[in-house]
Amino acid sequence: MQFNRKTIDKGKGEVIIIDMSEKILLNENGMKIILLGNEAIVRGALESGVGFASTFPGTPTSEIGDTFAKVANKVGIYFEYSTNEKVALEGAAGAALSGVRSTVSFKQYGLNVSSESAFPLAYVGVRAGMVIVVADDPSCWSSAQSEQDSRYYARLGHIPMLEPANSQECKDFTKIAFDLSEKFNLPVFLRLTTRVSHTRGVVTLGRIVKGRTKGKFLKDSIKFRNFPPYIIETHKELHRKLEAIRRISEEIEINFFVNEDVKNDLGIIASGVSFNYVMDALDHLKMNLPVFKLGLTYPIPEEKIRNFIKNLKSILVVEEIEPILEKSINSLAKDVNPELRVFGRSGYLPTAGELTEEAILLTISKITGKKLDYDLIAHKEDYNKLKIARRFPLMCPGCPHRATFFATKSATGEDTTFIGDIGCYILGIFPPFETQDIIFSMGASEGLIHGIKKVSDQKVIAFIGDGTFFHAGIPALINTVFNKSNPLIIILDNRTTAMTGHQPNPTVGVTGMGDQTKAIAIEDIVKACGVENVKVVDSFNVKEMEKTVGEFLQNDKVSVIVAKRECQLLAVRRKRREGKAIPKFNIDKSRCNGCGICLYQLGCPAISVENGVFDINEDLCTGCAVCVRICPKRAIKVVR
């Protein structure tokens, strides 16, 4: 494979600079490169001979799909952005059942969506290796409906789980997961957390393996009957497989000891990224404690753990997010060391939120009496005294959702309830719009508004994005028609899946591999679902949107407005590529009466006020001209 390399002579040797999509494809065994954890997952899959990859974009795993999208054509494998996580998992399962190694990736809530198919998949098994990558987000930095620990799914679904701690392990564990999957004909979970997904680290490369991309589904009248009377025997067989994997966990090299020969009353067991915090904390404390690092965290190596804890007085279990290992170790201790004190997330470490090295430092110091060189608590108290300027997260300048929210609020008044959904329009929760009074999960806005309208006469509007509509909005929309409901639903169609990095969705007409495909019009789907009141409105046409919202709120049947306008970030990039001018606007101070509608009600980040004088920052202005349309004094004019 030929790469476009640019070589720079830095005087002390050559530095090779290549594009990331080419870096990930370097087939130089033993070479060290720097990769994100998510990129290393892709590399591990390529070194495992993967032939099929799918995803629904969701942070913290978005870069896995985006990386596959960049390299799939080059390495001759198949990749897709699926319409939701359940479909993505089923597609990967179909490939694995046909003898092609596959992987699927999504964030933690995606596992919820796909679990209905993931669980029976463990019962019927796979023919080729299949790895399910799921990333949890402790502290909800990017996925914020609930703080979820997906390790429960491994136990619920009888599916083995591995937890890497860094980029190298991301690559290596992916290969181990494929091998385990194929050896036991089971899908295998690879559980990441945000810090593992989004931290860069050195990765030693192996060889990329050209795997199968074509296979065949072979009928098996017994194997695939996961229903009575076969289901009980299949369940028993699943437990036999897990016991065999548990025996492997006793010997596998990814479960290993650090400071094994150190004698101390306290030991530590850690998994995933928590292991890194533990080692940093011990380094800062200048302590050597015996540490057992778990890479295969389901099933766990029970015998090794029993031997590790039997002579200790106390054990600290460090894990993200819930005390799952801690409870298992408590149970094992009853057999070999009933007096063992088990510290962990049931009380000593924080019971919620992402762990930090500071939290672990304080916990070890508290247990051992070892004093820190500095007072972390006093430092935090001093930090909290700092007056740091705070601001709400904002939608981008020129975002079409801003114009839709402005027009909707203008047309409805303060007594309207707004039901939100998942996407970049979730930022409407903040002032000045406050158009997301409640948010559940992807597609939930339509179900919620249906229930509210059935039991009240309130004025209620639901907002749902284009990608979310295809993900889970269509069944709920059909439900409103079928059950004779009358909500107003506004579908925000900005022609992309913007929040996670502008991945294509079915409205775009281009697949994840860049191939042209049929673009699906949302309004056609809405009409096909039986909705009679449907109208497409340009999001930037504020007056038309205000008029339509006012009219549709009076309808006695379900009504849908498709607010359509390309994401302004993409529009600006496209115009620059096409050599088109992007207009800039400014405020005529002689005409401005200082009403502040452009700033306080539209909330455009490009507009500011100082000493009562309003102004537009031309560097931030993207030329949407919505401010021009809403200014009552026509004081905003194009300057170039």
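The model shown is predicted, which means the values in this text are computed figures rather than measured ones.

Novice: What is the right way to read the overall build of the protein from this model?
Specialist: The helix and strand inventory of the protein stands at 22 helices and 25 strands. Whereas a compact globule of 640 residues would reach a radius of gyration of roughly 26 Å, the protein reaches 28 Å, a difference of no more than 12%. Considered along the principal axes of its C-alpha atoms, the protein spans approximately 80 × 65 × 65 Å. Per-residue burial over the protein gives 53% buried out of 640 residues.

Novice: Teacher, can you tell me more about the sheet that holds strand E5 (residues 78-81) here?
Specialist: Backbone hydrogen bonds hold the strands of a sheet together, and the pairing may be parallel or antiparallel. Judged by pairing direction, the sheet is mixed, and its 7 strands sit side by side in the order E5-E4-E6-E7-E9-E8-E14 without closing on themselves. At either end of the open sheet lies a strand with only one pairing partner, and these are E5 and strand E14 (296-298). The sheet contact formed by strand E4 (residues 52-55) and strand E6 (residues 102-107) spans 4 bridges and is parallel. Pairing of Ala53 across the sheet is with Thr103, part of E6. Sitting on the sheet, helix H5 (residues 108-124) touches E6, strand E7 (130-136) and strand E9 (188-193), and the angle it makes with E6 is about 140°.

Novice: What am I meant to see in the sheet that holds strand E17 (residues 417-419) here?
Specialist: Spatially, the 5 strands line up as an open sheet ordered E17-E18-E19-E21-E20, and their pairing is parallel. With one partner strand each, in any of the chains shown, E17 and strand E20 (533-538) form the two edges of the open sheet. Sheet twist, expressed as the mean angle between neighbouring strand axes with direction ignored, is 20°. As paired strands, strand E18 (residues 460-465) and strand E19 (residues 488-493) are joined by 5 bridges and run parallel to one another. Bridging across to E19, Gly465 finds its partner in Leu492. Against the sheet, helix H17 (residues 466-482) makes contact with E18, E19 and strand E21 (559-564), and its axis sits at roughly 130° relative to E18, the strand it touches most. In the packing of helix H19 (residues 542-552) onto the sheet, the strands contacted are E18, E19, E20 and E21, and the crossing angle to E20 comes to about 165°.

Novice: Looking at this model, I keep getting lost on the pairing of E5. Mind explaining?
Specialist: Note on strand geometry: in a regular strand, side chains alternate between the two faces of the sheet. Sheet topology note: the E4/E5 ladder contains 4 bridges and is parallel. Of the residues in E5, the one forming a bridge with Ala53 is Phe79. Crossover E4 to E5 through helix H3 (residues 62-75) is right-handed.

Novice: I would appreciate a short explanation of unusual backbone geometry in the present structure.
Specialist: Generally, phi is negative for residues other than glycine and the peptide bonds are trans, each holding for most cases. Omega for the bond connecting Thr59 with Pro60 falls within 30 degrees of zero, at 25°, which places this linkage in the cis form. Mapped onto the secondary structure, Pro60 falls in the loop between E4 and H3. Cis geometry is adopted by the peptide bond preceding Ile321, which originates at Glu320 and carries an omega value of 10°. In this fold, Ile321 is placed in the loop between strand E15 (314-318) and helix H12 (324-336). Notably, Glu434 is not glycine yet its phi reads approximately 50°, a positive angle. Inspection of the secondary structure assignment puts Glu434 in the loop between E17 and helix H16 (444-455). Take Glu434: its relative accessible area is 43%, and that puts it in the partly exposed class. Positive phi, close to 55°, is recorded for Lys484, a residue that is not glycine. Note that Lys484 resides in the loop between H17 and E19. Assessed through its relative accessible area of 73%, Lys484 is described here as exposed.

Novice: What's the story with the packing of helix H2 (residues 37-47) against helix H7 (residues 167-184) in this structure? I'm lost.
Specialist: Packed helix pairs are characterised by how far apart their axes lie and by the angle those axes make with each other. Two elements in contact, H2 and H7, have axes separated by 7 Å at closest approach and are oriented at 35°. Pair H2 / H7 crosses with right-handed handedness. Contacts between H2 and H7 involve Gly37, Ala40, Ile41, Arg43, Gly44, Ala45 and Glu47 from the former and Ser167, Cys170, Lys171, Thr174, Lys175 and Phe178 from the latter. Taken together, the residues of the contact of H2 with H7 sort by class into 5 nonpolar, 4 polar and 4 charged.

Rules and cut-offs
Residues numbered from 1 in each chain as written. Predicted model: local features only at pLDDT ≥ 70, side-chain atom pairs only at ≥ 80, totals over all residues. Heavy atoms only, no water. Helix = DSSP H or I, 4+ residues; strand = E, 2+ residues; numbered from the N terminus. Rg over C-alpha atoms; globule rule 2.2 N^0.38 Å. Buried < 20%, exposed > 50% of the residue type's maximum accessible area, 1.4 Å probe, protein only. Pairing = 2+ DSSP bridges. Contact = heavy atoms within 4.5 Å. Axes fitted to C-alpha atoms, helices over the stretch in contact; angles between N-to-C directions. Right-handed = clockwise from strand over helix to strand, strands pointing away. Left-handed = near helix turned anticlockwise from the far one by under 90°. Nonpolar A, V, L, I, M, F, W, Y, C, P; charged D, E, K, R; others polar.

Nothing here speaks to function; it is geometry throughout.
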